[in-house]
Amino acid sequence: MRKVLLLAPLAAALAAPAVASEMPSQPGGDSGAITISCYRGPLRDVIWDRPNAVFIDSLMRRGYSIEQAEAIGNRVCRDEYGVFDPDHMVETLTRLLARTRPAGHR
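Residues numbered from 1 in each chain as written. Predicted model: local features only at pLDDT ≥ 70, side-chain atom pairs only at ≥ 80, totals over all residues. Heavy atoms only, no water.

(A) Molecular detail of the overall build of the chain. Each helix and strand counted, the chain has four helices and four strands in total. By residue count, 40% of the 106 residues in the chain fall in the buried class. Total accessible area on the chain stands at roughly 5900 Å², and carbon and sulfur atoms take up 55% of it. (Helix = DSSP H or I, 4+ residues; strand = E, 2+ residues; numbered from the N terminus. Buried < 20%, exposed > 50% of the residue type's maximum accessible area, 1.4 Å probe, protein only. Areas by Shrake-Rupley, 256 points an atom, 1.4 Å probe, with all protein chains shown as cover.)

(B) The arrangement of the state of the cysteines in detail. Scanning the model with the defined rule gives one disulfide in all. The disulfide partner of Cys-38 is Cys-77, and the gap between their sulfur atoms is 2.0 Å. Taking the torsion about the sulfur-sulfur bond, which here is approximately -75°, the covalent link between Cys-38 and Cys-77 counts as left-handed. Here Cys-38, found in strand β3 (residues 33-39), pairs with Cys-77, found in helix α3 (residues 66-77); they are 39 residues apart in sequence, far enough to count as distant. Note on accessibility: Cys-38 and Cys-77 belong to one class, buried. (Disulfide = S-S within 2.5 Å.)

(C) How the structure looks around the packing of α3 against helix α4 (residues 86-99). Taken N-terminus to C-terminus, the directions of α3 and α4 make an angle of 150°; their axes are 9 Å apart at the nearest point. Taken together, the axes of α3 and α4 are roughly antiparallel relative to one another. Of the two possible hands of crossing, α3 and α4 adopt the one that is right-handed. Contacts between α3 and α4 involve Ile-72, Arg-75 and Val-76 from the former and Met-89, Thr-92, Leu-93, Arg-95, Leu-96 and Leu-97 from the latter. Each residue belonging to the contact of α3 with α4 can be placed in one class, and the counts come to six nonpolar, one polar and two charged. (Axes fitted to C-alpha atoms, helices over the stretch in contact; angles between N-to-C directions. Parallel < 35°, antiparallel > 145°, perpendicular 65-115°, else oblique. Left-handed = near helix turned anticlockwise from the far one by under 90°. Contact = heavy atoms within 4.5 Å. Nonpolar A, V, L, I, M, F, W, Y, C, P; charged D, E, K, R; others polar.)

(D) Region of the structure containing the pairing of β3. Counting buried residues in β3 gives six out of seven residues, a clear majority hidden from the surface. Pairing of β3 with strand β4 (residues 50-51) involves two bridges; the strand directions are antiparallel. Looking at β4, one finds that Tyr-39 is bridged to Arg-50. (Pairing = 2+ DSSP bridges.)

(E) Broad picture of the environment of Gly-32. Inspection of the secondary structure puts Gly-32 in the loop between β2 (18-21) and β3. Spatially, the C-alpha atoms of Gly-32 and Ser-58 are 8.1 Å apart, while their sequence positions differ by 26 residues.

(F) Main features of the side chain of Asp-79. Topologically, Asp-79 is positioned in the loop between α3 and α4. A residue is classified by how much of its surface remains accessible, and Asp-79, at 6% relative accessible area, is buried. Side chain to side chain, Asp-79 and Arg-75 meet in a polar contact 3.3 Å long. Separated by 2.7 Å, the side chains of Asp-79 and His-88 make a polar contact. When residues no more than four places from it in sequence are discounted, the contact partners of Asp-79 are Val-46, His-88 and Thr-92. (Polar contact = N/O pair within 3.5 Å; in protein donor to acceptor, adjacent residues only side chain to side chain.)

By themselves these figures say nothing about function.
Set out below in structure tokens:
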């Protein structure tokens, strides 16, 4: 399940990210894009679910540390309400970004 969020300046990004595409962003692409990309196991149950590298990398490009990016990615990908519900995943990510300051911006 993949979503590309085009996040403009930080204030606009926290207010309302826009879903731009079903395809992940390319490496070295738009540094403002956050790609929600999760590995989903074969079951609806949240067992193996985890963030893919493109999700972690896109958060790190925004200034989040590897630890923060993994925590945010795991929270979004392992949320059982987000399974097959991309809108819920976007809402969860938006909420997390609003309350988590990137490590590089303290």
